[in-house]
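Spelled out from the first residue to the last, the chains are:
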Amino acid sequence: MSLTLPKRPLGKTGLDVSLLGLGGFHQVEVTQDTIEAVVDRYLTAGGNYVETATGYGRGASETKLGRALAGRRDQIILATKAQGRTRDAAWQELNESLERLQTDHLDVWFFHNIGNDEHLEATAAPDGALAAFKQAKAEGLVRHIGVSSHWPMMYVKAAERLPIDVALIWGNYLDFCNFPEIPNTVLPALREKGVGVLFMKPLADGFLYRSPRMAFRYAMAQDADGLVSGFNSVEMLEEDLAACCAPTPVSDEEIVDVLRNAPELGTYVCRQCRNCTVLNNGSALKRIFELEGKVDRQMDSRRPVNAAEYALRERLKGWFGTKARAQDAYETTTPSAEQLLEFRS
């Protein structure tokens, strides 16, 4: 059966993006032949959003994708990311990206990983990266600006401080348990400003590899215009296409079932349930688990797992680098975990 990806409007940009986007992070791990086969199949299925970054393999991902996309630039919405916070650094990255990607313009250019107020202020300063974007837009090198981060509330601040058109934010059923402010606060704030929303990490950096269909179905039902994922093989892409092109819509019952039965959540990860009955509605306990999720994504349950599972958890649990912030928040959390244990006893 032929699969054709549906498209959705990307905020107020005027662009229509395919529900499944091709992410560039994992392109550094595979050969050029594999990338070209993946790109061929992706475009054949109606995919039109390709995204990478200068920081992926120090430009290797951009170079590989540039070769694979040669002669097909008009078929895609192309995006990459710059890490430079100053005007000059960002301008240099932009021109290097254009050369590696073999194109004369980007449809979306992201400020990559705006992680704190210092990053944001440096970007917005008169000699910051925002000045490079304004010049690039005036010269037709860039059409729209986006932002990514690994701290949710930075998106809200960035939308207030920068004229962003697109936000790239993680969206999956594991991390929505750990960062409930994303669906509850961040996404509504972005939508209020008309910002397009793209979900990265629909498989939680690969942690949800056992349940790709379930993970994509969950992410599809959230408030996003598209899902951006990496594919190391055509077989992996086919699996994701099948989930995104399924003829039946995602039901509320299906979402409830995911949160109840997803094997990765098990009997340890707190789902931040609204109907929690633990300790007078569980708000204090839920906050403790939320902060634990911000430390290690609730991956370290101290329960025995096989060696491969342990290695994956160890690699991914500190991926966002939010441990210090979570510990600072815990210092002012009342009651503490210790007090909750005393109450329970």
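Residues numbered from 1 in each chain as written. Predicted model: local features only at pLDDT ≥ 70, side-chain atom pairs only at ≥ 80, totals over all residues. Heavy atoms only, no water.

Student: Is there a simple way to think about the packing of aromatic side chains in this case?
Tutor: Between two aromatic rings, the relevant description is the distance of the centres plus the angle of the planes. Taken as a whole, this structure holds nine aromatic pairs when the rule is applied. Each ring, one from Y268 and one from F289, has its centre 5.9 Å from the other, and the planes form 80°; the classification is edge-to-face. Taken together, the residues span a long stretch of sequence, with Y268 in the loop between α11 (252-261) and α12 (283-296) and F289 in helix α12 at a distance of 21 residues. Here a set of aromatic residues connected by ring pairs shows up, and it is made of Y173, F176, F199 and Y218. (Phe/Tyr/Trp six-rings, centres within 6.5 Å; stacked < 30°, edge-to-face > 60°. Helix = DSSP H or I, 4+ residues; strand = E, 2+ residues; numbered from the N terminus.)

Student: Quick question: what am I supposed to make of the side chain of N48 here?
Tutor: Here N48 is to be found in the loop between α1 (32-44) and β4 (49-51). If near-sequence neighbours (up to four positions away) are discounted, N48 is found in contact with K7, D16, V17, S18, Y42, Q75, I76 and I77. (Contact = heavy atoms within 4.5 Å.)

Student: What exactly am I supposed to notice about the sheet that holds strand β8 (residues 166-170) here?
Tutor: Hydrogen bonding along the main chain pairs the strands of a sheet, whether they run parallel or antiparallel. Sheet architecture is closed into a barrel: eight strands sit in the order β3-β4-β5-β6-β7-β8-β9-β10, paired in parallel fashion. The mean angle between the axes of side-by-side strands here comes to 30°, regardless of whether they run parallel or antiparallel. Two elements, strand β7 (residues 142-148) and β8, share three bridges in a ladder whose sense is parallel. Residue pairing across strands places G146 opposite V166, the latter belonging to β8. Along the sheet, helix α6 (residues 153-161) contacts β7, β8 and β9 (196-200); its crossing angle with β8, the most-contacted strand, is approximately 175°. (Pairing = 2+ DSSP bridges. Axes fitted to C-alpha atoms, helices over the stretch in contact; angles between N-to-C directions.)

Student: Please clarify how the pairing of β9 should be interpreted in this entry.
Tutor: Successive residues of a regular strand alternate their side chains across the two faces of the sheet. A large share of β9 lies buried, amounting to five of its five residues. Where β8 lies against β9, five bridges are found, and the strand directions are parallel. From the neighbouring strand, V166 faces β9, where its bridge partner is G196. Where β9 lies against strand β10 (residues 226-229), three bridges are found, and the strand directions are parallel. When the bridges of β10 are listed, L198 appears paired with G226. Running through helix α9 (residues 212-220), the crossover from β9 to the neighbouring parallel element β10 is right-handed. (Buried < 20%, exposed > 50% of the residue type's maximum accessible area, 1.4 Å probe, protein only. Right-handed = clockwise from strand over helix to strand, strands pointing away.)

Student: Any chance you could explain the environment of E181 here in plain terms?
Tutor: Looking at the element boundaries, E181 is found in helix α8 (residues 181-192). As for E181 and N95, which are separated by 86 residues in sequence, their C-alpha atoms are 36 Å apart. Apart from the residues within four sequence positions on either side, E181 is in contact with P152, M153, V186, E290 and K294. Separated by 3.1 Å, the side chains of E181 and K294 make a polar contact. (Polar contact = N/O pair within 3.5 Å; in protein donor to acceptor, adjacent residues only side chain to side chain.)

Student: Is there a simple way to explain helix α10 (residues 234-244) in this structure?
Tutor: Along an α-helix, a turn takes 3.6 residues, which lines up residues three or four apart on a common side. Those residues of α10 that fall on the buried side of the exposure criterion are L237, D240, L241, A243 and C244. An end-on view of α10 places all buried positions within 160° of arc, on one side of the element. (Arc of directions from axis to C-beta.)

Student: Explain the pairing of strand β5 (residues 77-82) to me, please; I cannot follow it from the model alone.
Tutor: For β5, a buried count of six out of six residues is recorded, marking the element as mostly surrounded by other parts of the structure. Residue alternation in β5 divides its side chains into two sets, I77, A79 and K81 and L78, T80 and A82, and both sets are buried. Where β4 lies against β5, three bridges are found, and the strand directions are parallel. From the neighbouring strand, V50 faces β5, where its bridge partner is L78. Direction of pairing for β5 relative to strand β6 (residues 106-111): parallel, over a ladder of four bridges. For A79, the partnering residue across the bridge sits in β6 and is V108. Since β5 and β6 lie parallel, the crossover through helix α3 (residues 87-101) that links them has a hand, and here it is right-handed.

Student: Teacher, can you tell me more about unusual backbone geometry here?
Tutor: Across residues other than glycine, the phi torsion is negative in most instances, and most of the peptide bonds are trans. The omega torsion across T334 and P335 is -10°, close enough to zero to call that bond cis. Along the chain, P335 turns up in the loop between α14 (323-331) and α15 (337-344). Even without glycine at this site, D205 takes up a positive phi of about 60°. One can find D205 in the loop between β9 and α9. Owing to a relative accessible area of 18%, D205 belongs among the buried residues under this scheme. The backbone of Q272 shows a phi angle near 55°, a positive value even though the residue is not glycine. With respect to the helices and strands, the residue Q272 is situated in the loop between α11 and α12.

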